[in-house]
Amino acid sequence: QPANDSRTADIDKKTQSHPCYSSGAACSNARMHIPVAPACNISCNYCNRKFDCVNESRPGVTSEVLTPEQAAEKFVMVKSKLKNLKVIGIAGPGDALANFSNTKKSIELIKKLDPDITFCLSTNGLMLPYYAEELIALGVSHVTITINTIDPTIGAKIYREINFMGMKLYGEQAAKLLLDNQLIGLRMLSSRGIVCKVNIVMIKGVNDSHIPEVVKKVKECGAFMTNIMPLIPASGSVFENMELTNNRDLTEMRKKCEVDLKQMYHCKQCRADAIGILGEDVHGEFERNSCKGCA
Ligand code: SF4
Ligand code: SF4
């Protein structure tokens, strides 16, 4: 139908101009992460969101957490300075769907200010089946789901705990629920035309040899591309001393998986408050409170 055709054309256009989804747009278009989602509903063994420093660049790090109203105010300020701002993303510092009321409110406020901006978010996928319809209704066009494995035995080594609507689960039972919800959510969104990227953290000796299987599975569920990223174990996390994946192994894995699905090669593993062109983060210029320095 014509309405669907114009929605598809609009999403295609947004994909072309999204610096993460199109390497062509990466050098020219800016994105702004709004850190409005502090809580998380799972515990990954590589995460420690307590560590917070303006000089550190990795997912989960932010200098400040904003309310939806503060995020909208900051958007106005950033937009007035960065004319190439195309994308608003919600990437933590926790999980966008574990803080759904903040996520929703922020999108609604910013959409009123700029109806043409692209909205994307990233999630661990635990609550995706429950919020997929609302995300579509809100106009979110791009969603990233981190799916590190499709095998609960491996999942039990990566996820320490899952808090599913107040119920704590552990081990393979927890991993199974998470993995099922990730794949159901991915199918729900991609079947409705939402462009889904799947992030896979490559963890040596844990999920590395299993990654090609994950890529095949998420392709079958409709993923647009996968972004295989090297583990950055946070200080104080369970995986703190884990052996790291080198660039050669990472590139080899991406090349191997490219036979099945488009791969992202230009991810910068950005902070939850990153602003600007990928790799040229200017979040510090827009901070409401300046950095107090590291302890
Ligand atoms: Fe940390 Fe993200 Fe894992 Fe939550 S989903 S524990 S914020 S890495
Ligand atoms: Fe894009 Fe990767 Fe940065 Fe996310 S972490 S905004 S996918 S470059």
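Now for a description of the structure that goes with this document. Since the structure is predicted, the reported quantities are computational estimates derived from the model, not experimental observations. (Residues numbered from 1 in each chain as written. Chains lettered and ligands numbered in written order. Predicted model: local features only at pLDDT ≥ 70, side-chain atom pairs only at ≥ 80, totals over all residues.)

Scanning the protein chain for helices and strands turns up 8 helices and 10 strands. Computed over its C-alpha atoms, the radius of gyration of the protein chain comes to 18 Å, within 12% of the 19 Å expected for a compact globule of 295 residues. Taken along its principal axes, the extent of the C-alpha atoms in the protein chain is 55 × 50 × 40 Å. Partitioning the intrachain contacts of the protein chain with sequence separation of at least 6 by distance along the chain shows that 76% fall at a separation of at least 24. (Helix = DSSP H or I, 4+ residues; strand = E, 2+ residues; numbered from the N terminus. Rg over C-alpha atoms; globule rule 2.2 N^0.38 Å. Contact = placed C-beta atoms within 7 Å.)

If you check the shell around ligand 2, you find C20, R31, G89, N227, C267, K268, Q269, C270 and L278 and nothing else. Considered class by class, the residues forming the shell around ligand 2 number 4 nonpolar, 3 polar and 2 charged. (Near = placed C-beta within 6 Å. Nonpolar A, V, L, I, M, F, W, Y, C, P; charged D, E, K, R; others polar.)

This next bit is on helix α2 (residues 68–81). An ideal rise of 1.5 Å per residue puts 20 Å on 14 residues; α2 measures up with 20 Å between its terminal C-alpha atoms. All of the buried residues in α2 are A71, A72, K74, F75 and V78. For α2, the arc enclosing every buried residue in end-on projection is 165 degrees, short of the 170-degree limit, so these residues lie on one face. Opposite the packed face of α2, turned more than 90 degrees from it, sit the exposed residues E69, V76, M77 and S80. As for α2, its buried residues are in contact with β1 (30–33), β3 (85–90), α3 (100–113) and β10 (275–276). (Expected span 1.5 Å × (residues − 1). Buried ≥ 20, exposed ≤ 12 C-beta atoms within 10 Å, placed from the backbone. Arc of directions from axis to C-beta.)

Time to look at the pairing of strand β8 (residues 195–202). For β8, the tally of buried residues reaches 6 of 8 residues, placing the bulk of the element in the interior. As defined by bridge partners, strand β5 (residues 142–146) adjoins β8 across 5 bridges and the pair is classed as parallel. Its bridge partner being in β8, T144 is matched across the sheet by K197. (Pairing = 2+ DSSP bridges.)

So, on to the packing of α2 against α3. Where α2 contacts α3, the two axes come as close as 8 Å, and the packing angle between them is 35 degrees. Regarding α2 and α3, the two cross each other, and that crossing is right-handed. In this structure, α2 uses P68, E69, A71, A72, F75 and V76 to contact α3, whose residues at the interface are N102, K105, S106, L109, I110 and L113. Class assignment for the residues of the contact of α2 with α3 results in 8 nonpolar, 2 polar and 2 charged. (Axes fitted to C-alpha atoms, helices over the stretch in contact; angles between N-to-C directions. Left-handed = near helix turned anticlockwise from the far one by under 90°.)

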